[in-house]
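Architecture at a glance
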Amino acid sequence: MLQISCGEENNLNIRVYGTKGSLAWQQEHPNELKFIAKNEPARILRRGNGYVSDRAKKFTRLPFGHPEAFIEAFANIYLEAVAAIRAKLAGQRGGDFDFPPVDDGVYGMAFLETAVKSAAASAKWTKFPKL
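Residue positions are given per chain, counting from 1 as you read along its sequence in written order. For this predicted model, a pLDDT threshold of at least 70 governs which residues receive local features, and a threshold of 80 or more governs which side-chain atom pairs are given and counted, while totals over whole chains, interfaces and linings are taken from all residues. Think of the side-chain values as coming from all heavy atoms in the structure, minus any hydrogens and water.

**Overview of the sheet that holds strand E1 (residues 13-17)**
Hydrogen bonds between backbone groups are what pair the strands of a sheet, and the pairing can be parallel or antiparallel. Keep this limit in mind: Only strands that DSSP links by at least two bridges are regarded as paired with each other. By the criteria applied, helices consist of DSSP H or I runs no shorter than four residues and strands consist of E runs no shorter than two, each listed in order from the N terminus. Lines fitted to the C-alpha atoms define the axes, with helices restricted to the stretch that makes contact. Angles between their N-to-C directions range from 0 to 180 degrees.
Strands sit in the order E1-E2-E3-E4 across an open sheet of four strands; the sheet is antiparallel. Pairing within the sheet leaves two strands with one partner each, and these edge strands are E1 and strand E4 (43-46). Each strand of the sheet is rotated relative to its neighbour by a mean of 20 degrees, with strand direction disregarded. Where strand E3 (residues 29-37) and E4 come together, four bridges link them in antiparallel fashion. Looking across to E4, one finds that Glu32 is bridged to Arg46.

**What about the environment of Leu33?**
Formally: Burial classes: relative accessible area under 20% of the type maximum marks a residue as buried, over 50% as exposed, and values in between as partly exposed (1.4 Å probe, protein chains only). Contacts are residue-level and defined by heavy atoms, with any inter-residue pair within 4.5 Å sufficient.
One can find Leu33 in strand E3. Exposure remark for Leu33: the relative accessible area of 29% places this residue in the partly exposed category. For the pair Leu33 and Arg46, spaced 13 residues apart in the sequence, the C-alpha separation amounts to 6.4 Å. With residues near it in sequence (within four places) discarded, Leu33 still touches Leu23, Ala24, Trp25, Arg43, Ile44 and Leu45.

Below you can see the structure in the form of structure tokens.
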């Protein structure tokens, strides 16, 4: 199997940095979200607890302490897509559906392609294509 990061076991992680704090999520610890507010210690937020938002509760199937992870995340996307399709077939407009649009997939693939090209190139920076 080809890996981009040799020696890693699919260590998918997502980090978001903002002016008021940051978030970090790791695939290997899917039930936890690290939240670091500016000038405060890090807090670990866990899936299924009472302090999570109503939207997060909507996509939680098991009580806290029971692992719910990668496959279930895709199930959430599929359930929302089916709900959107059913609404469209019923002639309903709009809706509060929570799944990524196709453009997100196109941008994601362009990002991956650019990252692989950058890694193979001798230049330090590879320009991201305008889509």
